[in-house]
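Now for the letters of each chain:
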Amino acid sequence: MFDGYDSCSEDTSSSSSSEESEEEVAPLPSNLPIIKNNGQVYTYPDGKSGMATCEMCGMVGVRDAFYSKTKRFCSVSCSRSYSSNSKKASILARLQGKPPTKKAKVLQKQPLVAKLAAYAQYQATLQNQAKTKAAVSMEGFSWGNYINSNSFIAAPVTCFKHAPMGTCWGDISENVRVEVPNTDCSLPTKVFWIAGIVKLAGYNALLRYEGFENDSGLDFWCNICGSDIHPVGWCAASGKPLVPPRTIQHKYANWKAFLVKRLTGAKTLPPDFSQKVSESMQYPFKPCMRVEVVDKRHLCRTRVAVVESVIGGRLRLVYEESEDRTDDFWCHMHSPLIHHIGWSRSIGHRFKRSDITKKQDGHFDTPPHLFAKVKEVDQSGEWFKEGMKLEAIDPLNLSTICVATIRKVLADGFLMIGIDGSEAADGSDWFCYHATSPSIFPVGFCEINMIELTPPRGYTKLPFKWFDYLRETGSIAAPVKLFNKDVPNHGFRVGMKLEAVDLMEPRLICVATVTRIIHRLLRIHFDGWEEEYDQWVDCESPDLYPVGWCQLTGYQLQPPASQSSRESQSGSSKQKKKAKSQQYKGHKKKRKMPVGKKPVSLSSLPMTGGVRRSFSGDEELTPPPAQTAPEAFPPPSTSREFIPSLKTVTTLQLKEELIDGEDYNFLQGASDQESNGSASFYIKQEP
């Protein structure tokens with residue numbers, strides 16, 4: 001109903017008698033200023049700001065709840081009745097100050113009582129909703145409360161290039177002004193006010209209404225990419241009213257002058273901010289697309305899977321042979337684990353041929369250009385060879401970096417890697433890494449960076465020394481120059497909060513913290529869990545997201561585990577053991593409550609010291625019962641690719657009634673790392 005304000009002339013509004021107003025109209029604030037697009041504050045003949053009197057029945061009420069653009073009537077019936085010639089005489093008499101007729105009083109009281117009753121019901125509903133929301137937030141997890149109570153900091157959105165707005169976030173920072181719904185208001189309809197960003201945590205912002213100065217009593221958290229957040233000037237363009245919060249409405253007599261003074265030179269969001277958010281959340285992958293993805297039961301091969309749903313760029317893939325469509329795998333569309341149809345054959349990778357002889361109706365191959373590109377390499381000169389030693393992150397236990405061997409050299413720079421001391425006889429646990437992968441390292445990387453290297457299983461000559469091991473095995477180390485040593489200016493800092501995929505159970509996205517940074521390598525800790533469940537992740541991994549990503553995309557976030565839940569789950573897992581072949585869902589099983597169906601667990605024992613499970617049927621720990629599966633997430637509806645723009649912040653230049661904008665570009669800060677591609681942080685290989 002607040003589609004805009006029209007000027008109120010004295011010949012179209014009149015007041016009822018003061019006696020009738022006191023008797024039949026609930027007392028409302030007499031000086032509630034409502035600022036129109038141009039800053040004008042309306043005052044009506046009855047002496048009440050924001051009020052009007054129906055010219056048909058004489059009812060007094062909130063002007064913008066009235067019918068028609070001129071706000072002359074309280075309802076459609078009054079508007080129609082006014083046009084009747086039979087009532088013009090009584091209406092004219094009332095407007096001239098004469099007592100209304102008995103019939104007119106009946107017309108006055110009926111809609112008034114009904115509207116007051118509706119208004120009272122509306123207020124009661126708001127109060128009940130507020131109580132309900134408060135109860136839910138106390139029991140659930142809130143990023144805002146979590147960050148405020150512990151003084152945490154969150155990784156900025158610019159650290160996540162694959163996330164919405166990651167490449168066009170711009171200079172959105174503290175003190176940027178926005179227009180948001182005013183929740184501190186007694187009006188029965190939605191109104192807005194200006195707020196400033198006090199603190200940023202990923203997509204979430206702590207906002208404070210203009211006029212509260214240093215008072216944080218009504219500060220609130222919201223997702224800056226939400227549909228109710230707008231740049232300053234949006235209300236003017238959309239015909240929405242700006243109403244100051246009720247708590248401070250008496251603080252200033254001239255709110256227009258206050259806003260002009262406060263907003264001149266201030267920064268706000270660009271006018272097309274919401275459009276950019278929408279465009280950045282359009283994903284090219286669609287349901288029914290066919291891809292090749294790693295076989296979670298045999299790492300050494302790929303299988304055909306079909307995209308079942310897309311949520312925030314994350315894909316739920318169902319293996320093509322799954323009849324009940326429950327044999328699935330989650331990953332991001334930029335994950336190195338998925339490829340176009342025909343990829344395995346083109347590079348010589350093992351592939352499980354599907355029993356389905358032809359495509360199902362509606363299924364089609366994903367265009368190759370939609371997949372993440374790998375860096376081109378020259379294999380004609382000095383290159384990796386079978387049997388060379390290196391260090392690699394174990395995909396079955398991402399908390400460890402292990403002694404590894406190149407088992408096979410594929411085309412296009414891809415390598416099959418095996419973990420020394422724990423490989424299956426048939427090579428079913430070999431895994432594929434590209435030569436430029438940030439998950440493989442030259443010999444000595446862990447030693448020079450003070451990371452614990454996991455020696456081969458059963459190796460007793462400790463502490464482990466690479467020189468001795470190479471001599472004993474008659475092996476050579478892969479040349480340092482063949483590894484990827486580029487270190488991007490990622491922007492992460494130790495202690496930053498984020499949302500991270502539990503790669504052991506890729507359906508789960510959890511509250512996490514960056515606990516260590518080694519050049520481009522991040523140590524991710526899941527809040528509330530032991531360090532043995534940490535995982536090493538690259539700074540550009542598509543499995544890391546800003547704070548608020550789950551809320552923005554509608555994905556369920558797993559909160560930090562409590563001590564009681566960890567103990568109960570740990571106790572339950574130690575009582576039951578089964579012998580099943582492992583499934584690759586990431587690294588070893590973490591004791592988290594999954595969102596969907598009960599998963600098949602991987603090994604739960606730490607990998608330190610060489611203990612590692614194979615795919616040949618070693619014992620497996622059973623996780624606790626899973627929570628009820630949620631409803632399926634709806635996939636995005638369009639296929640446009642996002643082309644970002646770096647101009648995302650506008651500076652306000654407030655004139656008397658106009659706000660002009662000027663764009664700003666974001667400048668990234670310096671990286672934690674001093675090295676950017678130098679091999680000096682690797683130790684020299686001994687002859």
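Residues numbered from 1 in each chain as written. Predicted model: local features only at pLDDT ≥ 70, side-chain atom pairs only at ≥ 80, totals over all residues. Heavy atoms only, no water.

Considering the overall build of the protein chain
When you go through the protein chain residue by residue, the secondary structure sums to 13 helices and 34 strands. A sequence separation of at least 24 residues applies to 66% of the contacts in the protein chain between residues at least 6 apart. Carbon together with sulfur atoms contributes 52% to the accessible area of the protein chain, which is approximately 31800 Å² in total. (Helix = DSSP H or I, 4+ residues; strand = E, 2+ residues; numbered from the N terminus. Contact = heavy atoms within 4.5 Å. Areas by Shrake-Rupley, 256 points an atom, 1.4 Å probe, with all protein chains shown as cover.)

A short note on unusual backbone geometry
Residue Pro463 is bonded to the preceding Leu462 through a cis peptide linkage, with omega at 0°. Of note, Pro463 is situated in the loop between strand 22 (453-454) and helix 11 (466-473). At Cys288, a residue that is not glycine, the phi angle is positive and equals roughly 85°. The residue Cys288 is located in the loop between helix 8 (273-280) and strand 10 (289-295) in this model. Its identity as a non-glycine residue notwithstanding, Asp412 has a phi of 60°, on the positive side. Mapped onto the secondary structure, Asp412 falls in the loop between strand 18 (397-409) and strand 19 (414-419).

So, helix 5 (residues 143-150)
Within the span of helix 5, buried status applies to Trp143, Gly144, Tyr146 and Ile147. In a view along the axis of helix 5, the buried residues occupy a sector of 165°, so they form one face of it. Where helix 5 is buried, its residues meet strand 5 (192-201), strand 6 (204-209), strand 7 (220-223), strand 23 (496-501), strand 24 (509-518) and strand 28 (557-558). (Buried < 20%, exposed > 50% of the residue type's maximum accessible area, 1.4 Å probe, protein only. Arc of directions from axis to C-beta.)

Overview of the confidence of the model for the protein chain
Averaged over all residues, the pLDDT of the protein chain is 74; the fraction at 70 or higher stands at 63%. Note on residues 1-49: pLDDT under 50 across the span, and 111 contacts to partners over four residues away in sequence or across chains. Segment residues 129-139: pLDDT under 50, and 0 contacts once partners within four positions in sequence are set aside and those in other chains are kept. (pLDDT = per-residue confidence, 0-100.)

With respect to the pairing of strand 23
Extensive coverage of strand 23 is indicated by the burial of 6 of its 6 residues. Of the two faces of strand 23, the one holding Met496, Leu498 and Ala500 and the one holding Lys497, Glu499 and Val501 are both buried throughout. Note that strand 3 (residues 153-154) and strand 23 share 2 bridges and pair parallel. Of the residues in strand 23, the one forming a bridge with Ile153 is Met496. The sheet contact formed by strand 23 and strand 24 spans 5 bridges and is antiparallel. If you follow Lys497 over to strand 24, its bridge partner there is Thr513. (Pairing = 2+ DSSP bridges.)

Regarding the packing of aromatic side chains
Under the definition given, this model contains 29 aromatic pairs. Seen from their ring centres, Phe285 and Phe371 are 5.4 Å apart, and the 85° between their planes marks the pair as edge-to-face. In this pair, Phe285 sits in the loop between helix 8 and strand 10 while Phe371 sits in the loop between strand 16 (364-365) and strand 17 (389-394), placing the two residues 86 residues apart along the sequence. Of the two residues, Phe285 and Phe371, neither departs from the other in class, the shared state being buried. Measuring from ring centre to ring centre gives 5.1 Å for Phe431 and Tyr433, while their planes differ by 80°; the resulting arrangement is edge-to-face. With respect to class, Phe431 is no different from Tyr433; both count as buried. Over the ring of Tyr319 we find Arg303; its NZ or CZ atom is 4.1 Å from the centre of that ring. (Phe/Tyr/Trp six-rings, centres within 6.5 Å; stacked < 30°, edge-to-face > 60°. Lys NZ or Arg CZ within 6 Å of the ring centre and 35° of its normal.)

Thoughts on the pairing of strand 26 (residues 535-538)
Along strand 26, one buried face is formed by Gln535 and Val537 and the opposite face, lined by Trp536 and Asp538, is buried too. Here strand 25 (residues 521-526) pairs with strand 26 via 4 bridges, running antiparallel. By the bridge assignment for strand 26, Leu522 is matched with Val537.

Topic: the pattern of salt bridges
Going through the model one piece at a time under the given rule, you end up with 28 salt bridges. With a shortest N-O distance of 2.5 Å, Arg407 and Glu423 are connected by a salt bridge. With Arg407 in strand 18 and Glu423 in the loop between strand 19 and strand 20 (431-434), this pair connects stretches of sequence that are 16 residues apart. Relative accessible area serves as the criterion here: at 29%, Arg407 is assigned to the partly exposed category. For Glu423, a relative accessible area of 25% corresponds to the partly exposed category. Across the pair Glu472 and Lys461 runs a salt bridge whose closest N-O atoms are separated by 3.2 Å. With Glu472 in helix 11 and Lys461 in the loop between strand 22 and helix 11, the pair connects residues that are 11 residues apart, well separated along the chain. (Salt bridge = Lys/Arg side-chain N within 4 Å of Asp/Glu carboxyl O.)

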